[in-house]
Amino acid sequence: MGMKGLTLPQKAIICEVAPRDGFQAENEWIPTEQKIEIIKKLASTGVQSMEITSFVHPKAIPQLRDAEEVVIKSQELSDIKFRALVPNVRGAQRAIDAGIKKLKLMLSATDSHSLSNANCTTEEAQKGFSPIVELAEKHGVKVGGSISVAFGCPYEGVVPQERINDIVTRYMNLGIEEVSLADTTGMANPKQVYDMLGKLKGIYPGMTFSMHLHNTRGMAIANAIAALQQGVIHFDSSIAGLGGCPYAPGASGNIATEDLVHTFSEMGIETGMNLDRLIQVAKEVKGILGHDGGSFMLQAGPNSHLHEKPEGQVKIEG
Ligand code: ZN
């Protein structure tokens, strides 16, 4: 009988973002040596790329004021592709001087989020990117684009497809070939993700799209699968789910790397990462920082850890 199974990509590529997205959400100063210690642990999980820091103004995010030092001290991890977030030319120059080979640009999908975050509209922010791209080209450094609050904005609600199309078009005109769609405050739903990516892939066949999902409302894994169904294979995630939501203190952060890898591995999708090692590192990082950001693996453990069958009868409701 011919019921066709779900066809999905056979592999996914994960970028670990805890050293940027996770650390920047920590109020208490994490000493540089401790950041390096965590980055080295992360490097032992089989991950191939990492977003290591952000070259923002030290006053804007004091936690990442040691960006140069973090990059320089991580250079011995030569198997990992590092990228850093840069908000402007000055940040790009700092990142390049420190030895970063890939920059990530970030802007907000909506003007209200952009104005509150970057003090300019989305279009103005994007116009400011061309000198960054020029500088990067001059140094042989790659540049990726990203769009924050790409699906839902805490001020404006659902983000229209046309808005995203305009931003992707402008990125394309800058010569950028990959765009990360960030669900910064966890407002996306799987149908929306599936529909938006389907349209984007139709309009921009040469563009590589990646997903940056937060689990603020428990929809991140479902959204990842919806993206996979559209053939998207690049995902950001954060160890132990670090990286909270600025509008909801205590809420879940980024999709946890160990949860995403567990889901993929249960589905037979290869990530090249070691799940047991990831869970171990998640535990250690939680120990170092004193908390996690929401991780099912830390709570329940993986499917593969079976329990001993109890003697006699144990009645479990439901
Ligand atoms: Zn994020």
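Here, every reference points to the structure presented above.
Cut-offs applied
Residues numbered from 1 in each chain as written. Predicted model: local features only at pLDDT ≥ 70, side-chain atom pairs only at ≥ 80, totals over all residues. Heavy atoms only, no water. Helix = DSSP H or I, 4+ residues; strand = E, 2+ residues; numbered from the N terminus. Areas by Shrake-Rupley, 256 points an atom, 1.4 Å probe, with all protein chains shown as cover. Lys, Arg positive; Asp, Glu negative; His and termini not counted. Charge placed at Lys NZ, Arg CZ, Asp CG, Glu CD. Donors = N, O, S within 2.8 Å, 3.2 Å for Na, K, Ca; no water. Buried < 20%, exposed > 50% of the residue type's maximum accessible area, 1.4 Å probe, protein only. Axes fitted to C-alpha atoms, helices over the stretch in contact; angles between N-to-C directions. Parallel < 35°, antiparallel > 145°, perpendicular 65-115°, else oblique. Left-handed = near helix turned anticlockwise from the far one by under 90°. Contact = heavy atoms within 4.5 Å.

Digging into the overall build of the protein
Scanning the protein from N- to C-terminus turns up 13 helices and 11 strands. For the protein, the spread of C-alpha atoms along the principal axes amounts to about 70 × 50 × 35 Å. Taken as a whole, the protein presents about 15,300 Å² of accessible surface, with 51% of it coming from carbon and sulfur. Across the protein, the 30 positively charged side chains and the 36 negatively charged ones have centroids separated by 2 Å.

Regarding the coordination of the zinc ion
Protein ligation of the zinc ion involves D21 (OD), H212 (NE2) and H214 (NE2), the donor distances falling in the range 1.9 to 2.1 Å. Between consecutive donor residues of the zinc ion, the sequence gaps follow D-x190-H-x1-H. A single burial state applies to H212 and to H214, both of which are buried.

Quick word on the packing of helix α2 (residues 32-43) against helix α12 (residues 275-289)
α12 packs onto α2 with a crossing angle of 170 degrees between their chain directions and a minimal axis gap of 10 Å. The pairing of α2 with α12 is recorded here as roughly antiparallel in orientation. Considering the relative orientation of α2 and α12, their crossing is left-handed. Between α2, through Q34, E37, I38, K41 and L42, and α12, the contact on the second element is made entirely by R277, V281, E284, V285, I288 and L289.

Things to note about unusual backbone geometry
In this structure, N119 takes a positive phi of about 65 degrees despite not being glycine. Structurally, the position occupied by N119 is in the loop between α5 (111-118) and α6 (122-127). Residue classification places N119 among the exposed positions, given a relative accessible area of 69%. Not every positive phi belongs to a glycine, and A240 is a case in point at roughly 60 degrees. Following the sequence through the fold, A240 ends up in the loop between β11 (234-237) and α11 (257-266). Since its relative accessible area comes to 0%, A240 is described here as buried.

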